[in-house]
Amino acid sequence: MKKKMVSVLLAAAMGATGLVGFGSTAYAADDVLEFYHGYYQDESEWAAAQVMRDIYDGFAEAHADGPVTFKPIAVENRDDIVSAQVAGGSFPDMVDVGGGGVPQAALSQDLVYDLKPYIDENGLQDAVGLNYTQHDIDGHIYAVHDQIESRGLWYNSDIFEKAGITEDAFANWDSFAAAMEKIRALDEDVYGYIAGQGSSYIVNTVMASTDEGKAMLESELTEDTINSDEFANAFKTAAKLDQDNGSEHTTDDNGNLMAEFNTNGKAGVLFNGVWNASGIDASLSDVIEPALFPGNIAIASAGGGLAVANNMSEEKTELALEFIKYMTSEEVQEKIFTGVQANPCNTTIDLNALAENSDDAATKKLALACSEVNGAENVVIDINYTWGSDVDKAIINALMECAVSGTDIEARFAALQTELIALIA
Amino acid sequence: MKKTKSGRGINSMPAGTRIVTYICLVWALVVSLVPLGWLVLSSLKKDPMARPGFQLPETICLDGYISTFRDLHVLRYFGNSLFVAGVSVMISVVMISMSAYVVARMEFKGKALVNILLYSTMFIPATALTYPVYNLVNRLHLYDTRSALILIYSCSGIAVSFFVIKNYYDNIPRELEEAARIDGCGYVQTWVKVIFPIARPGIMTAAVLAFLNNWNEYYWASLVLITREKLTVPALLSTFTTAFNTNYNGLFSAMVIIILPPVLLYCIFSRFFIEALSGGAVKG
Amino acid sequence: MENLKAVNKRKNKLGMRKKGFIIAFLAPTLIAFCVFYLYPIITVFVTSFCKWDYTNITSPEFFGWSNLWDNYDYIFNKYPFFWEALRNSTTWAILGAVVQIPIATLIALALSRKVKGIKFVRNVYIIPNMISTAAMGIVFLQLYNPSYGIINPIIRLFHKDFTDNILLLKGSAFVAMTCAYIFFTGTTTLMILGNIMAVPEEVREAAMLDGASGLKQDWHITIPMIKGTLKTVSVLAATSGFLLYNEVYFLTKGAAGTYSISYIIRELAITSPRTQFGRANAVAMIQILAGMVIILVINFVYSVSFKKEKK
């Protein structure tokens with residue numbers, strides 16, 4: 001009797017478990033195109049989020065009468081939602097994927113729609129800009145980011161002047177190091193730069209300064225790269241700079257210390273994207289200027305972007321593609337520049353003309369930063385995208401440990417090499 | 001009677017004990033008030049980093065509190081959290097006080113197995129749970145509903161509640177049940193009328209722990225709820241972290257606001273259950 | 001004869017009712033367990049022997065008997081952070097049982113005495129535990145910040161030239177991280193306090209007559225009486241120490257030798273662009289096994305030490 005009851009109970013439970021484990025996820029209805037994006041912040045906290053939501057709503061309104069309704073949804077951890085869906089063999093209708101890009105696992109299951117034919121047919125090559133080359137995977141394009149993650153550095157000209165540093169400071173990393181030395185020598189409560197997360201861009205750009213190094217950056221990380229002189233040189237340059245700069249100015253997340261530069265004016269240099277223009281406090285907007293990384297190098301990545309699910313109904317796919325066209329159109333791209341304060345992907349837009357018509361100091365600064373980056377002699381991708389975020393993080397961790405005074409950089413680099421080789425195994 | 005009262009009275013104790021007691025109490029105050037005080041103080045500063053540490057703010061800045069209340073619909077978040085955490089705590093605590101009783105008091109085959117299985121749940125990483133649970137929620141058509149969260153919270157954390165409650169049952173003398181049985185109560189009746197009321201303080205402890213966990217839980221909440229009107233309290237915090245800066249004044253203000261309801265609830269309820277405990281209900 | 005049969009029958013009936021009761025009362029919990037945990041446990045176990053990463057995310061592939069231990073081999077012999085993580089997590093588990101529990105017990109004993117204002121302390125002490133560990137992580141990140149935190153100025157009182165970030169120094173980072181959670185024993189204290197309060201007054205009075213009072217009385221009378229609770233909270237404290245995640249995530253992200261087991265599981269499964277589910281689950285199996293060991297050890301320690309007590 002008892003046994004029977006227990007087995008019935010177990011069977012019922014197993015049945016329920018089976019329900020969990022198998023079969024695909026329930027989808028949104030056929031006449032709704034759901035679009036997940038990460039702009040959830042309240043307008044009072046981040047005005048740009050509201051601008052993006054307005055742009056999305058504009059598209060939804062324009063297509064309100066169509067056969068498919070466009071439904072933008074703000075979510076806080078789209079990466080987790082996407083990876084949970086991908087693990088279950090499905091993909092959101094449409095999603096603005098974040099820093100990690102479209103998950104490999106989604107591509108290997110053929111879950112994501114190839115946008116390249118649509119871009120080619122409609123002549124959108126210039127509209128999608130950098131996406132066209134950087135997101136090309138064996139002739140397919142799976143994501144189009146409406147804004148480019150363009151990175152250079154920002155410096156405080158006031159501090160530079162006081163320390164007697166000239167523009168030549170950004171000629172190469174040696175002159176940069178000398179400039180930082182001068183800032184530290186100042187008899188004030190200021191320091192060189194915010195290290196840690198930002199220091200990985202030193203590694204990034206030092207490698208990009210040679211052809212061999214640049215080629216390594218643009219492909220997957222291999223054991224040869226890890227053991228190469230270029231990588232060793234790049235890491236040690238960054239580690240040396242960081243150690244001189246001091247571990248108290250080192251953080252794994254730029255957001256933790258950014259106010260030191262943007263608001264308090266205590267740091268000479270911040271390695272950050274062009275979007276930092278809108279984060280600068282009004283009191284410092286006259287002295288903070290954008291520049292390229294030493295050696296006339298900029299880091300620009302398409303990053304994640306808009307990705308569309310495969311195998312949706314024809315109408316839904318059509319609307320999704322229409323949306324990508326809309327997001328890269330001049331009208332929207334101008335809003336992304338002036339309202340969101342980011343570098344738009346569309347290369348046909350005259351940013352300086354837009355900035356001249358604007359009386360917003362941040363917009364002018366942004367235009368300056370964007371044109372610096374867009375005009376750089378040497379533009380390179382962020383290693384985060386080609387080598388992977390786990391590798392990037394291992395490098396940052398190693399750099400942060402080197403920032404502690406007296407750390408043996410050679411030994412830490414040897415340890416990092418072992419770590420990286422294991423990570424890619 | 002007076003003598004009974006002085007049983008735990010500090011004045012009747014040896015000097016050593018008194019000193020240790022006071023050291024412990026001061027330590028308890030310091031440990032809890034330092035971070036708390038720092039948090040409240042920082043939430044009143046316009047830029048917590050410009051005047052760091054325990055410096056008093058130049059001017060008291062309530063911007064964080066004002067914007068949290070005015071722009072962010074705090075009460076809606078509170079309502080959602082109270083509802084979700086409250087209902088799931090009730091479900092899980094009733095469910096577990098039933099099974100824990102059986103395991104604590106009865107002999108049956110597979111008891112050891114039940115114990116081991118429940119223990120093991122504490123060590124399963126969330127990453128292994130994510131996909132199956134996410135799929136279950138979808139299959140039951142509960143995606144983006146508060147019910148999904150109630151389901152998840154009711155099932156998760158069963159191990160902790162189980163051991164806290166079972167441990168309390170173990171302290172209840174068996175004679176009480178036997179007396180009830182002799183009076184003609186059935187198993188269910190004995191549990192409902194005798195055991196459950198006596199074990200109430202223990203069950204309340206488990207409920208408080210579960211409630212606090214659910215109140216602060218964010219991972220599942222942000223995974224299964226996407227409509228902003230349904231989100232729970234921890235989502236308030238992420239609002240203050242934007243792409244290029246963290247609004248620490250707002251963030252700290254929101255943290256203070258978030259802990260207010262549980263603190264109030266605890267102060268109200270602690271009377272009931274700590275006093276109930278000291279009432280000596282579990283006498284032999 | 002007749003009588004015996006009747007008794008037997010009644011016994012049977014009673015037995016049936018008892019079985020029915022057991023099953024009915026266990027059912028909800030067991031169903032919750034099966035729905036929520038059974039499938040993940042089986043998956044973790046089975047797929048720890050499978051190749052399962054971004055290339056075959058929906059169809060894990062069994063390694064075969066000859067390569068059965070491939071994932072474990074990678075974790076033990078190649079993955080650079082595993083041993084460090086295991087050592088840290090084990091240390092945190094031990095610290096939970098041997099540091100947190102004595103502190104919590106002492107404070108619970110203090111809180112059980114009749115002192116003016118005790119209710120206030122009692123209520124205040126649990127507040128830090130009401131703040132989520134994630135939020136606490138952010139708070140401590142600020143407290144530890146070398147430029148505007150409160151720790152570096154204190155260190156500078158002793159070492160004048162100290163400027164480093166304590167979260168990046170090997171050793172001190174581990175200590176700093178431990179201090180960010182270990183003293184907040186509010187919930188543990190609450191559980192112990194509850195049980196102390198439930199010790200019958202008569203027992204204590206009897207002890208008073210024997211001349212034992214204060215801590216001496218607590219040591220000989222109260223502690224043995226609440227050993228069940230102490231065992232439970234030791235298990236819970238050791239478990240939460242072993243599973244430490246938020247502190248690692250917010251304070252160091254594993255830099256300066258502070259990886260934890262939970263952290264590397266998430267690294268492998270989520271952060272890695274190569275989505276290493278199989279290898280992550282191999283670590284998860286080790287986490288589950290280690291958890292069992294923790295429970296066994298604590299059970300063993302308590303049964304041995306309290307047996308001695310009885311003698």
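Above: the structure in question.
Rules and cut-offs
- Residue indices follow the written sequence of each chain, beginning from 1 at its first position.
- To label them, take the chains in the order written and letter them from A, then take the ligands in the order written and number them from 1.
- Local features are withheld for residues below a pLDDT of 70 in this predicted model, meaning they are given only at 70 or higher, and side-chain atom pairs are given and counted only at 80 or more; totals for whole chains, interfaces and linings count all residues.
- Derived side-chain values reflect all non-hydrogen atoms in the structure, with water molecules and hydrogen atoms excluded from consideration.
- The helix count covers DSSP runs of H or I at least four residues long, the strand count covers runs of E at least two residues long, and both are numbered beginning at the N terminus.
- Only protein chains enter the calculation, and the probe is 1.4 Å; a residue is then buried if its accessible area is under 20% of its type maximum, exposed if over 50%, and partly exposed in between.
- Here, two residues are considered to be in contact whenever any of their heavy atoms come within 4.5 Å of each other.
- For the radius of gyration, the atom set is restricted to C-alpha positions; the globular benchmark scales as 2.2 Å times the number of residues to the power 0.38.
- Shrake-Rupley sampling with a 1.4 Å probe provides the accessible areas, and residues are treated as covered by the protein chains on show and by no other component.
- Charge counting treats Lys and Arg as positive and Asp and Glu as negative, with His and both chain ends excluded.
- To locate a charge, take atom NZ for lysine, CZ for arginine, CG for aspartate or CD for glutamate.
- Two strands pair under a simple rule: DSSP has to find at least two bridges between them.
- The axes used here are C-alpha line fits, helices contributing only the stretch in contact, and every angle between their N-to-C directions lies in the interval 0 to 180 degrees.
- Polar contacts here mean pairs of N or O atoms no more than 3.5 Å apart (in protein, one a potential hydrogen donor and the other a potential acceptor; neighbouring residues in sequence count only if both atoms are side-chain atoms).
- These descriptions rest on fixed angle ranges, namely under 35 degrees for roughly parallel, over 145 for roughly antiparallel, 65 to 115 for roughly perpendicular, and the rest for oblique.
- Crossing handedness is defined as follows: a turn of the near helix away from the far one that is anticlockwise and smaller than a right angle gives a left-handed crossing, while the clockwise case is right-handed.
- Just so you know the grouping, Ala, Val, Leu, Ile, Met, Phe, Trp, Tyr, Cys and Pro go in nonpolar, Asp, Glu, Lys and Arg go in charged, and all remaining residues, Gly too, go in polar.
- Summed over both partners, buried area is the accessible surface (1.4 Å probe) that two parts give up on being assembled.
- Think of a salt bridge as a Lys or Arg side-chain nitrogen and an Asp or Glu carboxyl oxygen that are within 4 Å of each other.
- The pairing test for Phe, Tyr and Trp rings, Trp by its six-membered ring, is centres within 6.5 Å, and the orientation test on the planes gives stacked under 30 degrees, edge-to-face over 60, and tilted for anything in between.
- As a reminder, the over-ring test applies to NZ of lysine and CZ of arginine, requiring each to be within 6 Å of the ring centre and within 35 degrees of the ring normal.
- By convention a nonpolar core is built from buried Ala, Val, Leu, Ile, Met, Phe, Trp, Tyr and Cys residues, the set being connected through side-chain atoms within 4.5 Å.

So, about the overall build of chain B. Across its full length, chain B carries 14 helices and zero strands. Counting helices and strands in the order they occur from the N terminus, chain B gives α-α-α-α-α-α-α-α-α-α-α-α-α-α. The dimensions of chain B, computed from C-alpha atoms along their principal axes, are 70 × 65 × 30 Å. Counting all 284 residues of chain B, 62% fall into the buried class. Put simply, 71% of the contacts in chain B that link residues at least 6 apart link residues at least 24 apart.

Right, let's talk about the overall build of chain A for a bit. Scanning chain A from terminus to terminus reveals 21 helices and 15 strands. Relative to the 2.2 N^0.38 estimate, which gives 22 Å for 425 residues, the radius of gyration of chain A is 24 Å and therefore close to what a compact globule would have. Seen through its C-alpha atoms, chain A measures out along the principal axes to roughly 80 × 60 × 40 Å. Burial analysis of chain A (425 residues in total) assigns 59% to the buried set. If you take every contact in chain A between residues at least 6 apart in sequence, the share linking residues at least 24 apart comes to 74%. Just so you have it, chain A exposes about 16,000 Å², and 48% of that area is on carbon and sulfur atoms. Put simply, chain A has 22 plus and 70 minus side-chain charges, and the middle of one group is 8 Å from the middle of the other.

What follows concerns the sheet that holds strand 1 (residues 32-37) of chain A. Residues and elements named next belong to chain A. Spatial strand order, 2-1-3-13: four strands in an open sheet with mixed pairing. Each edge of the open sheet is held by one strand with a lone partner, namely strand 2 (69-74) and strand 13 (305-308). Direction aside, neighbouring strands of the sheet carry axes that sit 20 degrees apart on average. Two strands pair when backbone bridges link them, and strand 1 and strand 2 are joined in this way by six bridges, in the parallel orientation. Bridge assignment links histidine 37 to a residue of strand 2, and that residue is alanine 74. Along the sheet, helix 2 (residues 47-62) makes contact with strand 1, strand 2 and strand 3 (94-97), crossing strand 2 at roughly 165 degrees.

Residue and element names in this part refer to chain B. Mapping serine 81 onto the fold places it in helix 4 (residues 74-105). Residue classification places serine 81 among the buried positions, given a relative accessible area of 3%. A polar contact of 2.9 Å, which involves the side chain of serine 81, links it to the backbone nitrogen of valine 233. Setting aside residues no more than four positions away along its own chain, serine 81 makes contact with Gly86, Trp215, Thr232 and Val233.

Turning our eyes to something else, we now look at the packing of helix 10 (residues 200-208) of chain A against helix 13 (residues 229-245) of chain A. Residues and elements named next belong to chain A. Interaxial distance between helix 10 and helix 13 falls to 8 Å at its minimum, and their mutual angle equals 140 degrees. Our classification of the angle between helix 10 and helix 13 gives oblique. For the pair helix 10 and helix 13, the sense of crossing is right-handed. Within the contact between the two elements, helix 10 uses Ile202, Val203, Val206 and Met207 and helix 13 uses Glu230, Phe231, Asn233, Ala234, Phe235, Thr237, Ala238, Leu241 and Asp242. Class assignment of the residues belonging to the contact of helix 10 with helix 13 gives a composition of nine nonpolar, two polar and two charged.

A few words now on the interface of chain C and chain B. Contacts between the two partners involve 92 residues from chain C, matched on the other side by 93 residues from chain B. Of the roughly 8,700 Å² buried between chain C and chain B on both sides combined, carbon and sulfur atoms contribute 79%. The three residues of chain C that bury the most area against chain B are Phe25, Phe36 and Met130 of chain C, which together make up 9% of that side's buried surface. Where chain C packs against chain B, one counts zero salt bridges. In terms of residue count, helix 1 (residues 2-47) of chain C provides more of the side of chain C that touches chain B than any other element does, 19 residues in total. Tallied by class, the residues present in the side of chain C that touches chain B amount to 61 nonpolar, 19 polar and twelve charged.

Bringing helix 6 (residues 133-143) of chain C into the picture now. Of all eleven residues in helix 6 of chain C, nine are buried; the element is thus mostly enclosed. Restricting attention to buried positions, one finds in helix 6 of chain C the residues Ala135, Met136, Gly137, Ile138, Val139, Phe140, Leu141, Gln142 and Leu143 of chain C.

Right, let's talk about the packing of aromatic side chains for a bit. On inspection of all chains with the given rule, the structure shows 62 aromatic pairs over all chains. Both rings, one in tyrosine 56 of chain A and one in phenylalanine 323 of chain A, keep their centres 5.8 Å apart while their planes meet at 55 degrees; by these two values the pair is tilted. You can see tyrosine 56 of chain A sitting in helix 2 and its partner phenylalanine 323 of chain A sitting in helix 15 (residues 314-327), a full 267 residues away along the chain. Taken individually, tyrosine 56 of chain A and phenylalanine 323 of chain A each receive the classification buried, so the pair is uniform in this respect. Through a chain of ring-to-ring contacts, the aromatic side chains of Phe35, Tyr39, Trp46, Tyr56, Phe59, Phe70, Phe323 and Tyr326 of chain A assemble into a single cluster. In this structure, arginine 76 of chain B packs its charged tip against the face of tyrosine 77 of chain B, placed 5.4 Å from the ring centre. The cationic tip of arginine 181 of chain B hangs over the ring face of tyrosine 187 of chain B; the distance from NZ or CZ to the ring centre is 4.2 Å.

Within soluble globular proteins, side chains that are nonpolar generally end up buried alongside one another. Ile395 of chain A together with Tyr169 of chain B are the most contacted members of the largest nonpolar core, which has 341 residues in total. The biggest single contributor to this core is helix 4 of chain B, with 15 residues.

As a further point, take the interface of chain C and chain A. One frequent convention defines the size of an interface as the accessible area lost when the parts assemble. Taken together, the contact between chain C and chain A spans 48 residues of the former and 45 residues of the latter. Carbon and sulfur atoms supply 60% of the area that chain C and chain A bury against each other, a total of about 3,800 Å² over both sides. Per-residue buried area on chain C facing chain A is highest for Ile23, Tyr39 and Leu168 of chain C; these three make up 16% of the total on that side. A salt bridge links arginine 266 of chain C to aspartate 80 of chain A, with the nearest nitrogen and oxygen atoms 3.4 Å apart.

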